Protein chains: 2
Amino acid sequence: MGFKLKAAPMQVTGKEEVYDVIIVGGGPAGLTAALYSARYELKPVVIAKLVGGYMTEAPVVDDYPGLPDTPGEELVNKFVSHVRKYNVPIIQDEVVNIYRKNGLWCAETASEKTICGYAVILAVGSEKRKLNVKGEEEFTGRGVSYCATCDGPLFKDKVVAVVGGGNSALTSALYLASLASKVYLIHRRDTFKAFKVYVEKAASNPKIEILKNTIIKEIVGDTRVRGIVVYDKSRGEEKTLTVDGVFIEIGLKPPKEFFEKIGLEVDESGHVVVKVDRSTNLEGVFVAGDAAGGPYKYRFEQIITAAADGAIAADAAFKYILSTKKT
Amino acid sequence: MGFKLKAAPMQVTGKEEVYDVIIVGGGPAGLTAALYSARYELKPVVIAKLVGGYMTEAPVVDDYPGLPDTPGEELVNKFVSHVRKYNVPIIQDEVVNIYRKNGLWCAETASEKTICGYAVILAVGSEKRKLNVKGEEEFTGRGVSYCATCDGPLFKDKVVAVVGGGNSALTSALYLASLASKVYLIHRRDTFKAFKVYVEKAASNPKIEILKNTIIKEIVGDTRVRGIVVYDKSRGEEKTLTVDGVFIEIGLKPPKEFFEKIGLEVDESGHVVVKVDRSTNLEGVFVAGDAAGGPYKYRFEQIITAAADGAIAADAAFKYILSTKKT
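Notes on the structure follow. (Residues numbered from 1 in each chain as written. Chains lettered and ligands numbered in written order. Predicted model: local features only at pLDDT ≥ 70, side-chain atom pairs only at ≥ 80, totals over all residues. Heavy atoms only, no water.)

1. With respect to the overall build of chain A
Line of reasoning, step 1. Summing up its helical and strand segments, chain A has seven helices and 19 strands in all.
Line of reasoning, step 2. In terms of C-alpha radius of gyration, chain A reaches 22 Å, essentially the compact-globule figure of 20 Å for 327 residues.
Line of reasoning, step 3. A principal-axis box enclosing the C-alpha atoms of chain A has dimensions of 70 × 35 × 35 Å.
Line of reasoning, step 4. Relative to its full complement of 327 residues, chain A shows a buried share of 60%.
Line of reasoning, step 5. Counting contacts in chain A only where the partners sit at least 6 residues apart, residues at least 24 apart contribute 58% of the total.
Line of reasoning, step 6. Summing over all exposed atoms, chain A offers an accessible surface of approximately 13100 Å²; the carbon and sulfur share of this is 49%.
Line of reasoning, step 7. Considering chain A, the positive charge centre built from 43 side chains and the negative charge centre built from 41 side chains are found 2 Å apart. (Helix = DSSP H or I, 4+ residues; strand = E, 2+ residues; numbered from the N terminus. Rg over C-alpha atoms; globule rule 2.2 N^0.38 Å. Buried < 20%, exposed > 50% of the residue type's maximum accessible area, 1.4 Å probe, protein only. Contact = heavy atoms within 4.5 Å. Areas by Shrake-Rupley, 256 points an atom, 1.4 Å probe, with all protein chains shown as cover. Lys, Arg positive; Asp, Glu negative; His and termini not counted. Charge placed at Lys NZ, Arg CZ, Asp CG, Glu CD.)

See below:
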């Protein structure tokens, strides 16, 4: 910035580069945080294990407003070139630790680099919980999906299975029933954790067949999903159901241990508790996107919501640096 | 939806159409709410006074990730065609009242139409407070801006004026000082409402010249802004300053009276107090975008944040309808 922030990166010790904002993660939240930080004339750096994040896995994205029917890889390229236009360095590496040093935040990477800055925006996303069954990985993006909101419209008049027993499984099943020809709702337990109203709606919906006490043993197919092998635990029966899609809605798994190591406050599910400006219990550390949680974060894992989180965190980091950095 | 939501629009009386979600406003929040509602197989309708909202006024938008350097009108077209792809009706009209009737929410328009639905998403945005001086309207988009974050990068190495005395004026001046060659900070009073740290940074920044007790009398130019006529109230002096841009950062003015008429809880500045899911004190009424306020809303008036709000409100409206609508 005009008041000398632009001097970064400068050398503090022999091996450390100093930026204004270290952005960890290369999905929509991280890349948007980079765009906004650069537009604020801050000096940001992006460190990402996977540039593009989950977008890279999406065959087609049709829920990012203004860019209908865009292949995930193409959307990643659009985000990345937008960021590169502002000359933000994007380092492909994994951040393994973050710690405080000489009034700065320093990130240590898997390749043993140390990068320091005045603020950190963690936009590391969250893994989707997996069933860990045969065929799951093979058919991801080819019938196996972890997001009904994102991929549901591709299954109009098809037969799909939804796996899970919580609110997201139930609302996904109800939503999919409005467009698919049939929905199997597969739950390993006898009772549902989801709201009663959703369970009742699902039970009375003629398109939804609920299979309780049932697990998926295998997802089968050829070039894409064709069926699932299910096992009814109470009856001891195994059978194969013909389905075109499998929606696995069994929750998210943010990197809780990593957050705890840094000293961030996390909730039960491992999401970082953020304030409305995406600041955290650690001064100068912000969390944007799917890894954020707590009462001020509406959990809705979409590209558009992650991107907005990145913009908010960048604005908050800008104000934080404005208030705290000596000129 | 599968459980008969798709029957809408149906006739309740002779003159009323019934939708699932009535979306009021055609900016990024409203259009994204429409996109997400339609993807959820709800039946939405958009009623907008100005399709595109403030995007229509932007000569170039470079802060919507993935679409660099896009003229405002083009961005509006991209959003609108994305929504039209899902066959969402967009009605150009002004909603003058919203009330409860037979378990539905009904919107009354300026052209005396009545449109009813199960839920309402208000995405009516917020007017920017104006100086109301000569030249202001004429040069809007041609040197006059109400958003430093949006238009700042266009003024690299230029001379600009920022008008206002609150946090947004001060942070705008500090940000602009990092790229402009000179910044006049013009404030009508003797003291600033902004945080002390910002005021001190501005006072010590060699690029910023603070003019207190000073008002802008006129914005002058030819095809674009060339200067401002300022009047120093304490000295009784008038002079003309050569500037390339004028950033008016004196606050927002949401339609408070309209919100109060409907019965919505508003804060001091007229923004509607929303919960984390953009629901309000009125069951079934959601507020997304610049008109939203309260502790769960980080006020940062950007296209990306408004769009995310629209997606969140649509998700919440979907769940609200799922829970409350009789099948």
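2. Quick word on the packing of helix 4 (residues 167-177) of chain B against helix 5 (residues 196-204) of chain B
Packed helix pairs are specified by the crossing angle of their axes together with the interaxial distance, meaning the distance between the axes.
All names here are of chain B.
Line of reasoning, step 1. Packing of helix 4 against helix 5 leaves a shortest axis separation of 10 Å and a crossing angle of 35°. Here helix 4 runs over helix 5; the crossing is left-handed. Across the interface between the two elements, N167, L170, T171 and L174 from helix 4 touch Y198, V199, K201 and A202 from helix 5.
Line of reasoning, step 2. In the contact of helix 4 with helix 5, the residues fall into five nonpolar, two polar and one charged. (Axes fitted to C-alpha atoms, helices over the stretch in contact; angles between N-to-C directions. Left-handed = near helix turned anticlockwise from the far one by under 90°. Nonpolar A, V, L, I, M, F, W, Y, C, P; charged D, E, K, R; others polar.)

3. So, empty space enclosed by the protein
Empty space among the atoms becomes apparent when a probe as large as a water molecule is rolled across them.
Line of reasoning, step 1. Overall, the coordinates contain two cavities of 30 Å³ or more when judged by the stated rule.
Line of reasoning, step 2. If you add up the space inside the largest cavity, you get close to 210 Å³.
Line of reasoning, step 3. Along the walls of the largest cavity sit 18 residues, with A:R278, A:D309, A:I312, B:R278 and B:I312 positioned nearest its centre.
Line of reasoning, step 4. Those elements giving two or more residues to the lining of the largest cavity turn out to be helix 7 (303-324) of chain A together with helix 7 (303-324) of chain B.
Line of reasoning, step 5. Here the lining of the largest cavity is composed, by residue class, of ten nonpolar, two polar and six charged.
Line of reasoning, step 6. Looking at the second largest cavity, the residues that line it are A:G289, A:D290, A:A292, A:K297, A:R299, A:F300, A:E301, A:Q302, A:T305 and A:A306.
Line of reasoning, step 7. Partitioned by chemical class, the residues of the lining of the second largest cavity number three nonpolar, three polar and four charged. (1 Å grid on protein atoms, 1.4 Å probe; cavity = no way out; pocket = protein on both sides within 12 Å on 5 of 7 lines; lining within 4 Å. Points joined across faces, edges and corners; volume = space filled by probe spheres on them.)

4. Topic: the packing of aromatic side chains
Line of reasoning, step 1. Using the criterion set out here, one finds 22 aromatic pairs over all chains in the structure.
Line of reasoning, step 2. Taking 4.1 Å as the distance between ring centres and 10° as the angle between the ring planes, the aromatic pair formed by B:Y40 and B:F318 counts as stacked. Here B:Y40 is found in the loop between helix 1 (28-39) and strand 2 (44-48), whereas its partner B:F318 is found in helix 7, with 278 residues between them in sequence.
Line of reasoning, step 3. A residue is classified by how much of its surface remains accessible, and B:F318, at 2% relative accessible area, is buried.
Line of reasoning, step 4. Between B:F155 and B:F247, the aromatic rings sit 5.3 Å apart at their centres with planes inclined by 75°, giving edge-to-face as the arrangement. Of this pair, B:F155 sits in the loop between helix 3 (148-151) and strand 9 (159-163) while B:F247 sits in strand 15 (residues 245-248), and the two are 92 residues apart along the sequence.
Line of reasoning, step 5. For B:F155, a relative accessible area of 7% puts it in the buried group.
Line of reasoning, step 6. What makes B:F247 buried here is its relative accessible area of 0%.
Line of reasoning, step 7. Aromatic rings pair up to connect A:Y64, A:F79, B:Y64 and B:F79 into one cluster.
Line of reasoning, step 8. One cation-aromatic arrangement involves B:K130 over B:Y146; the distance from NZ or CZ to the ring centre is 5.2 Å.
Line of reasoning, step 9. Lying across the ring of B:Y231, B:K217 places its NZ or CZ 5.3 Å from the centre. (Phe/Tyr/Trp six-rings, centres within 6.5 Å; stacked < 30°, edge-to-face > 60°. Lys NZ or Arg CZ within 6 Å of the ring centre and 35° of its normal.)

5. Let's talk about the relation of the copies chain B and chain A
Line of reasoning, step 1. Once chain B is rotated about the relating axis by 180° and shifted along it by 0.0 Å, it coincides with chain A to within an RMSD of 0.0 Å. Interpreted geometrically, this transformation is the action of a two-fold axis. (Least-squares fit on C-alpha atoms with pLDDT ≥ 70 in both.)

6. A look at the state of the cysteines
Residues and elements named next belong to chain A.
Line of reasoning, step 1. Under the defined criterion, the tally for this structure stands at four disulfides over all chains.
Line of reasoning, step 2. Two residues share a disulfide in this structure: C106 and C116, whose sulfurs sit 2.0 Å from each other. Measuring handedness by torsion sign, the sulfur bridge of C106 and C116 sits at about 110° and is right-handed. Note that C106 is positioned in strand 5 (residues 104-109) and C116 in strand 6 (residues 114-122), a separation of ten residues in sequence.
Line of reasoning, step 3. For C147, the disulfide goes to C150, at an S-S distance of 2.1 Å. A torsion of 65° about the S-S bond marks the disulfide between C147 and C150 as right-handed.
Line of reasoning, step 4. For C150, a relative accessible area of 23% gives the class partly exposed. (Disulfide = S-S within 2.5 Å.)

7. Looking at the interface of chain B and chain A
Line of reasoning, step 1. Each side of the interface is counted separately: chain B has 59 residues, and chain A has 61 residues.
Line of reasoning, step 2. Between chain B and chain A, the buried area comes to about 5400 Å², and carbon and sulfur atoms account for 61% of it.
Line of reasoning, step 3. Linking chain B with chain A are ten salt bridges.
Line of reasoning, step 4. Two residues, B:D62 and A:K85, come together in a salt bridge whose shortest N-O distance is 2.5 Å.
Line of reasoning, step 5. Of all the secondary-structure elements, those providing two or more residues to the side of chain B that touches chain A are helix 1, helix 2 (72-84), helix 3, helix 4, helix 5 and helix 7 of chain B.
Line of reasoning, step 6. Examining the composition of the side of chain B that touches chain A, we find that twelve residues originate from one element, helix 7 of chain B, more than from any other. (Buried area = accessible area lost by both parts, 1.4 Å probe. Salt bridge = Lys/Arg side-chain N within 4 Å of Asp/Glu carboxyl O.)

8. Description of the pairing of strand 12 (residues 214-221) of chain B
Residue and element names in this part refer to chain B.
Line of reasoning, step 1. Looking at chain direction, strand 12 and strand 13 (residues 225-232) are connected through seven bridges and run antiparallel. Bridging from a neighbouring strand, I219 pairs with I228 of strand 13.
Line of reasoning, step 2. Linking strand 12 to strand 13, which pair antiparallel, is a turn of three residues. (Pairing = 2+ DSSP bridges.)

9. Describing helix 4 (residues 167-177) of chain A
Line of reasoning, step 1. Counting buried positions along helix 4 of chain A gives nine out of eleven residues, so the element sits mostly inside the fold.
Line of reasoning, step 2. Those residues of helix 4 of chain A that fall on the buried side of the exposure criterion are A:A169, A:L170, A:T171, A:S172, A:A173, A:L174, A:Y175, A:L176 and A:A177.

10. Section: the environment of B:D69
Line of reasoning, step 1. Within the secondary structure, B:D69 is located in the loop between strand 2 and helix 2.
Line of reasoning, step 2. The class of B:D69 is partly exposed, set by a relative accessible area of 45%.
Line of reasoning, step 3. Between the alpha carbons of B:D69 and B:P59 there is a distance of 9.4 Å; along the sequence they are ten residues apart.
Line of reasoning, step 4. Discounting chain neighbours no more than four positions away, the residues touching B:D69 are A:K85, B:V60, B:V61 and B:D62.
Line of reasoning, step 5. Among the polar contacts made by the side chain of B:D69, one reaches the side chain of A:K85 at a distance of 3.0 Å. (Polar contact = N/O pair within 3.5 Å; in protein donor to acceptor, adjacent residues only side chain to side chain.)

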